[in-house]
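Secondary and tertiary structure notes
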Amino acid sequence: MSGSKTVVLVIGSGLKLYREYLVRSAAARARRAGHALVLINNLQPTWQHEYFDEITVVNVFDHELLAATAREVAARHTVVGVLCWDEPLVMPAAELAAEFGVPGLSIPGVHGCRDKYSARTRLTEGGLLQPGFAMTADLDEARAAAERIGYPVVVKPRALGASMGVVLARDEQELADAFQVAHEASLVGDEPYRGGAIVEEYAVGPEISVDGALHKGEYLPMFVARKRTGEHPYFEEIGHVVDASDPLLEDPVLLDTLARAHRVLGIEDGITHTEVRLTERGPLIIEINGRVGGDLIPFLGKTATGIDPGEVMVDVALGQRPETTRTARGVAGIRFGYPDHDCVVHKVVVPKEAPGLVTASPMVEPGTTLRLPPGGYIARHSFVVVQADDVQTCEERLLAASALVEVDAERVAPKPKGAVLEMPAGLLDVDE
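Below you will find a few notes about this structure. Note that this is a predicted model, so its numbers are computed, not measured. (Residues numbered from 1 in each chain as written. Predicted model: local features only at pLDDT ≥ 70, side-chain atom pairs only at ≥ 80, totals over all residues. Heavy atoms only, no water.)

Here we come to the overall build of the protein chain. When helices and strands are counted, the protein chain shows 11 helices and 19 strands. Relative to the globule expectation of 22 Å for 432 residues, the C-alpha radius of gyration of the protein chain, 21 Å, shows essentially globular dimensions. Judged by the C-alpha coordinates and their principal axes, the protein chain covers about 65 × 50 × 45 Å. Of all 432 residues assigned to the protein chain, the portion counted as buried reaches 57%. Long-range contacts, defined here as pairs at least 24 residues apart, represent 69% of the contacts in the protein chain between residues at least 6 apart. Entry remark: accessible area of the protein chain is about 17100 Å², with carbon and sulfur atoms responsible for 50%. One way to put it: in the protein chain the 41 positive side-chain charges average out to a point 3 Å from where the 62 negative ones average out. (Helix = DSSP H or I, 4+ residues; strand = E, 2+ residues; numbered from the N terminus. Rg over C-alpha atoms; globule rule 2.2 N^0.38 Å. Buried < 20%, exposed > 50% of the residue type's maximum accessible area, 1.4 Å probe, protein only. Contact = heavy atoms within 4.5 Å. Areas by Shrake-Rupley, 256 points an atom, 1.4 Å probe, with all protein chains shown as cover. Lys, Arg positive; Asp, Glu negative; His and termini not counted. Charge placed at Lys NZ, Arg CZ, Asp CG, Glu CD.)

Attention now moves to helix 10 (residues 309-317). When you tally the buried positions in helix 10, you get 8 out of 9 residues, the bulk of the element. Buried within helix 10 are the following residues: P309, G310, V312, M313, V314, D315, V316 and A317. Contacts made by the buried residues of helix 10 are with helix 1 (16-32), strand 4 (78-83), strand 9 (207-215), strand 10 (218-229), strand 12 (270-279) and helix 9 (297-305). One side-chain oxygen of the residue at the start of helix 10 lies 3.0 Å from the amide nitrogen of G310, identifying that residue as D308. Where helix 10 terminates, the next one or two residues include G319, which has phi positive at roughly 80°. (Polar contact = N/O pair within 3.5 Å; in protein donor to acceptor, adjacent residues only side chain to side chain.)

Considering all chains together, one arrives at 4 aromatic pairs under this definition. Taking the centre distance of 5.3 Å and the plane angle of 65° together, the rings of Y21 and F299 count as edge-to-face. Placement of the pair is Y21 in helix 1 and F299 in helix 9, with a sequence separation of 278 residues. F299 sits in the buried class, given a relative accessible area of 18%. Summarising the aromatic geometry, the rings of Y117 and F133 are spaced 5.9 Å apart at their centres and angled 65° between planes, so their arrangement reads as edge-to-face. On the criterion of sequence distance, the pair formed by Y117 in helix 5 (residues 116-125) and F133 in strand 5 (residues 133-136) is long-range, its members being 16 residues apart. (Phe/Tyr/Trp six-rings, centres within 6.5 Å; stacked < 30°, edge-to-face > 60°.)

Before going further, it helps to examine the environment of I238. Turning to its location among the elements, I238 is positioned in strand 11 (residues 237-243). For I238, the residues in contact, after removing those within four places along its chain, are R228, T229, G230, I334, R335, F336 and Y338.

For the rest of this paragraph, the subject is the sheet that holds strand 17 (residues 369-370). The strands making up a sheet are joined through hydrogen bonds of the backbone, oriented either antiparallel or parallel. Taken together, the 3 strands give an open sheet; going across it, the order is 17-15-19, and neighbouring strands pair in antiparallel fashion. The open sheet has two edge strands with one neighbour each: strand 17 and strand 19 (406-411). Where strand 15 (residues 343-349) and strand 19 come together, 6 bridges link them in antiparallel fashion. Within strand 19, the residue paired with V349 across the bridge is E406. (Pairing = 2+ DSSP bridges.)

Let's shift gears to helix 3 (residues 90-100). Helix 3 sits mainly inside the fold: 8 of its 11 residues count as buried. Taken residue by residue, helix 3 has V90, M91, P92, A93, A94, L96, A97 and F100 as its buried positions. Of the surrounding elements, those touching the buried residues of helix 3 are strand 1 (6-11), helix 2 (63-76), strand 4 and helix 4 (107-114). At the exit of helix 3 stands G101, carrying a positive phi of roughly 75°.

Okay, unusual backbone geometry next. The omega torsion of the bond from Y151 to P152 falls at 0°, within 30 degrees of zero and hence cis. Mapped onto the elements, P152 comes out in the loop between helix 6 (139-149) and strand 6 (153-156). Residues other than glycine seldom take positive phi values, yet K216 does so here, at roughly 50°.

Spatially, the 4 strands line up as an open sheet ordered 5-8-6-7, and their pairing is antiparallel. The two strands at the open ends of the sheet, each matched to only one other strand, are strand 5 and strand 7 (167-169). Shown here is a sheet whose adjacent strand axes are inclined to one another by a mean of 25°, direction ignored. As judged from the 4 bridges shared by strand 6 and strand 8 (residues 197-201), these two strands associate in the antiparallel manner. Directly across from V155, in strand 8, lies its bridge partner V199. (Axes fitted to C-alpha atoms, helices over the stretch in contact; angles between N-to-C directions.)

So this is what it looks like as structure tokens:
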């Protein structure tokens, strides 16, 4: 790309399997607006060449290097927007947006999204329904907090996603193991948030997620995903269902709670992915993430509602009020395949045809070791996505398509207690 241009700067492309549909829409929208798309990425590009006008490869997780690279782009071109959908990078992306004077989450907003303890504190002070909670540095502090809050409690890292290291503890004995799991999981995250764990009251009720857009602080809901999780004490996500006609999209209490929470955290422009428990006391915000959902939830949303999150992202990044009107009234769902035990995967075969099947894919290469919590996380070997006209049919089709997945795997011994936490390579864009 020669000469000075107006560009939308993208921080991290994500993986093709999870994010190409977003990149495709974002690139088309940016170019219709007359802007080029520039990517700063940590991996050598392959599929990305089709969508980006310029690509620079650096270690994006070195935030100083990332900032210097972005400034070099800004010295040659006029940056009119910044996009990011990779959880570890949303904070430096928001900081760059503020530095370049373009729309973004805001610095207070991104801290509220990234730091679960900060979010809990600010939402509580803002008068929103929140669980009792405490940040604890060691097991003694965790025990004291749990006694004060009352069992059962949830123990979690301060700044991870995908329910990694999140454990339910029903008594003091379980708390010791839960604290160790959460603490060890935190060590794979960003350095400022490593160590210790948040101990909080267990909120009872169905869990949902809501992807919404923010334009100058105005909250615009796009779609609701009903979450399916594994058995306690862990909270691994096994699937999601998006219904374009979900009555929660018209629920005034939920919508008011979402709007208030975003105002309290000071989130200005962007897309957020908010996790909520529907408790007897009302909607309780679990966390707000400064990006679109993972787990292909935005793809489900697009399939079910017709709202294109890739286009919406570009609009809010350019300071324009996005179009979030539903143009379809369908249902779409995803189900992830998990093994019954720790294993080495030799081969995964997914169905090519099934009722309502939209897409399906293996998620690991042959030879990958999958470990279930607490020895590892996101131990997924495959996924299937289906669509239907109603939720019951969608659920039935998910079960039918999942049953067609074939897995050749060899059982392995559990990871020794205290060994290094394991995650399958490449699984970065998961629901957080």
